[in-house]
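An overview of the molecular structure
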Amino acid sequence: MKKDLEHSFVELLERHQNIIHKVCRLYTNHYDAHNDLFQEITIQLWKAYPKFRGDSKFSTWMYRVGLNTAITLYRKSKRQISTQDFDGVEFKIKAEHYDDTEEQQLKQLYTAIHQLNDIEKALVFLYLEDRDYKEISETLGISQVNARVKMNRVKTKLKTLLNS
Amino acid sequence: MDELEVLKKDWNKQDQRFRKLSYGEIYKMILKKSSSIVKWIFIISLLEFVFWFVISFLLKGTSVSRKVEALEMDHILIPLSVVSYIILIYFFYLFYKNYRNISATDNAKSLMENILKTRRTVKYYVIFNLVALVIGTVIGTFYALRHSPEFTEKMAIATSQDDTFKIYAGTVIAIVIALAITILFLLVFYYLIYGLLLKRLNKNYRELKKLEV
């Protein structure tokens, strides 16, 4: 019974692992910290899995647990060094696919996003994942109106950060 | 074009850049232990319950407890002990109930509230112990002074020299200082442990609450 549960969970997670990677991408800026957070989210998902009833999509359920872990449950790794190492490495890999201007713009955007607070990052994450305001408000526990207002403020803040 | 729209375009393309973890690697991860703040709060809180509980046991059979026994305070001590054990059980029940309510699948705000609620229960338990410590010391001192031949002798001399106020004031000041040092030490200790552990959670919780104003 437990083996079946483990098997179904690991299989589902293997398929949807990019969601966790993306959460880690926004909340960490170092390879080791990324791996630490990935592991903690996986553990939290596994702990919560027996209660997963399947009435929501596995991915939707992952957003919630993933963000909760990143915002609330995870104790920041001591190894999290405030460098831009991660961005640098990653953008070198994909340099061949993009022209310099776009690459530069994206690099600045990720740097600006890393300067947002945890709640703002969660809003940006859900926005980038194309979640509607109903889901954003339900995931964070705020009203839809407030989610919309805050999202607009985050966009303005990002503009300011990019121009500074 | 909106900055986030630029990022959105890239966001879904980045999938191939992440290192794909294999079935075996994910399986190994689920066997590992969590190091979440909830786990740490649970461990620290349990230690607090154990700490105050053990202290009362450690005092038994020591010279302090023999002195207390000599004061013939059973008519006060027994009901107080019964009440404090009932309160301990009640606190533990509350703590466990709150702990069970913490779920990573709740929305972010409820999750934070449930963690803070669990933490608050332990805080009240600590306050209860500190208040009990103060009341216990006051009652204990009162009884000790009334039964101490040395103190009775001192008081007799003091009365003859009109120094009663000095003796009482000295005793009260000494007790207040000792209690203040103990409480201060414990408060600094709690502030450091929970302050550091919950710093980020409190900050994020305030941020979410701010959105409601």
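Going by the structure above, here's the rest.
I will try to describe carefully the structure that is included in this document. (Residues numbered from 1 in each chain as written. Chains lettered and ligands numbered in written order. Predicted model: local features only at pLDDT ≥ 70, side-chain atom pairs only at ≥ 80, totals over all residues. Heavy atoms only, no water.)

1. As for the overall build of chain B
A tally of regular secondary structure across chain B gives 8 helices and 0 strands. Walking chain B from its N terminus toward its C terminus, one meets helices and strands in the order α-α-α-α-α-α-α-α. A globule of 213 residues ought to have a C-alpha radius of gyration of about 17 Å, yet chain B, at 27 Å, is considerably larger. Expressed as lengths along the three principal axes of its C-alpha atoms, the size of chain B is roughly 95 × 40 × 25 Å. Taken over 213 residues, chain B has a buried fraction of 32%. Contacts in chain B between residues at least 24 apart in sequence constitute 75% of all its contacts with a sequence separation of at least 6. (Helix = DSSP H or I, 4+ residues; strand = E, 2+ residues; numbered from the N terminus. Rg over C-alpha atoms; globule rule 2.2 N^0.38 Å. Buried < 20%, exposed > 50% of the residue type's maximum accessible area, 1.4 Å probe, protein only. Contact = heavy atoms within 4.5 Å.)

2. Some words on the overall build of chain A
Check the secondary structure of chain A and you find 8 helices and 0 strands. Taken from the N to the C terminus, the helices and strands of chain A come in the order α-α-α-α-α-α-α-α. Looking at the 164 residues of chain A, the share that counts as buried comes to 57%. By element, 49% of the accessible surface of chain A is carried by carbon and sulfur atoms, the whole surface being about 7,700 Å². (Areas by Shrake-Rupley, 256 points an atom, 1.4 Å probe, with all protein chains shown as cover.)

3. What to know about a nonpolar patch on the surface
Residue and element names in this part refer to chain B. The grouping of Leu184, Val188, Tyr191, Leu192 and Leu196 at the surface amounts to a nonpolar patch, some 590 Å² of accessible area in total. Turning to its location among the elements, Leu184 is positioned in helix α8 (residues 164-210). Residue Leu184 is classed as exposed on the basis of its relative accessible area, which comes to 56%. (Patch = residues over 30% accessible without salt bridge, like charges linked within 9 Å, V, L, I, M, F, W, Y side chains within 5 Å. Salt bridge = Lys/Arg side-chain N within 4 Å of Asp/Glu carboxyl O.)

4. Some points on the side chain of Glu40(A)
All names here are of chain A. Relative to the helices and strands, Glu40 is located in helix α2 (residues 31-48). Salt bridges are absent for the buried Glu40, whose nearest opposite-charge side chain, Lys47, sits at 6.0 Å. There is a polar contact of 2.9 Å between the side chain of Glu40 and the side chain of Gln44. (Lys, Arg positive; Asp, Glu negative; His and termini not counted. Polar contact = N/O pair within 3.5 Å; in protein donor to acceptor, adjacent residues only side chain to side chain.)

5. Some remarks on the environment of Trp46(A)
Along the chain, the position of Trp46(A) falls in helix α2. For Trp46(A) and Leu13(A), which are 33 residues apart along the polypeptide, the C-alpha to C-alpha distance reads 9.4 Å. In this structure Trp46(A) touches Leu5(A), Glu6(A), Phe9(A) and Ile30(B), once residues within four positions along its chain are discounted.

6. With respect to the environment of Val134(B)
Residue and element names in this part refer to chain B. Looking at the secondary structure, you find Val134 in helix α6 (residues 108-147). Here Val134 falls in the partly exposed class, since its relative accessible area comes to 29%. The residues contacting Val134, other than those within four sequence positions of it, are Leu179 and Ile183.

7. Examining the environment of Ile183(B)
All names here are of chain B. Following the sequence through the fold, Ile183 ends up in helix α8. The exposure class assigned to Ile183 is partly exposed, which follows from its relative accessible area of 21%. Placed 50 residues apart in sequence, Ile183 and Leu133 show a C-alpha to C-alpha distance of 9.4 Å. Sequence-distant contacts of Ile183, that is, excluding residues within four places in its chain, are made with Leu130 and Val134.

8. Notes on the interface of chain A and chain B
With 67 residues of chain A at the contact, the number on the chain B side is 50 residues. Roughly 5,600 Å² of surface becomes buried between chain A and chain B when both sides are summed, with 60% attributable to carbon and sulfur atoms. For chain A, the biggest contributors to the area lost against chain B are Thr72(A), Arg75(A) and Leu128(A); these three give 11% of the whole. With a shortest N-O distance of 2.9 Å, Arg200(B) and Asp118(A) are connected by a salt bridge. Summed over the shared surface of chain A and chain B, the number is 26 residue pairs in polar contact (both at pLDDT 80 or more). For the side of chain A that touches chain B, the secondary-structure elements that each account for two or more residues are α1 (2-27), α2, α3 (58-73), α5 (100-114), α6 (118-128), α7 (133-140) and α8 (144-163) of chain A. Here the residues of the side of chain A that touches chain B sort into 30 nonpolar, 15 polar and 22 charged. (Buried area = accessible area lost by both parts, 1.4 Å probe. Nonpolar A, V, L, I, M, F, W, Y, C, P; charged D, E, K, R; others polar.)

9. Observations concerning the packing of α1(A) against helix α2 (residues 23-30) of chain B
Where α1(A) contacts α2(B), the two axes come as close as 9 Å, and the packing angle between them is 120°. By the criterion of interaxial angle, the relationship of α1(A) to α2(B) is oblique. The chirality of how α1(A) crosses α2(B) is right-handed. Every residue of α2(B) that contacts α1(A) at Lys3(A), Glu6(A), His7(A), Phe9(A), Val10(A), Glu11(A), Leu13(A), Glu14(A) and Gln17(A) is listed here: Tyr23(B), Ile26(B), Tyr27(B) and Ile30(B). Here the residues of the contact of α1(A) with α2(B) are counted per class, giving 7 nonpolar, 2 polar and 4 charged. (Axes fitted to C-alpha atoms, helices over the stretch in contact; angles between N-to-C directions. Parallel < 35°, antiparallel > 145°, perpendicular 65-115°, else oblique. Left-handed = near helix turned anticlockwise from the far one by under 90°.)

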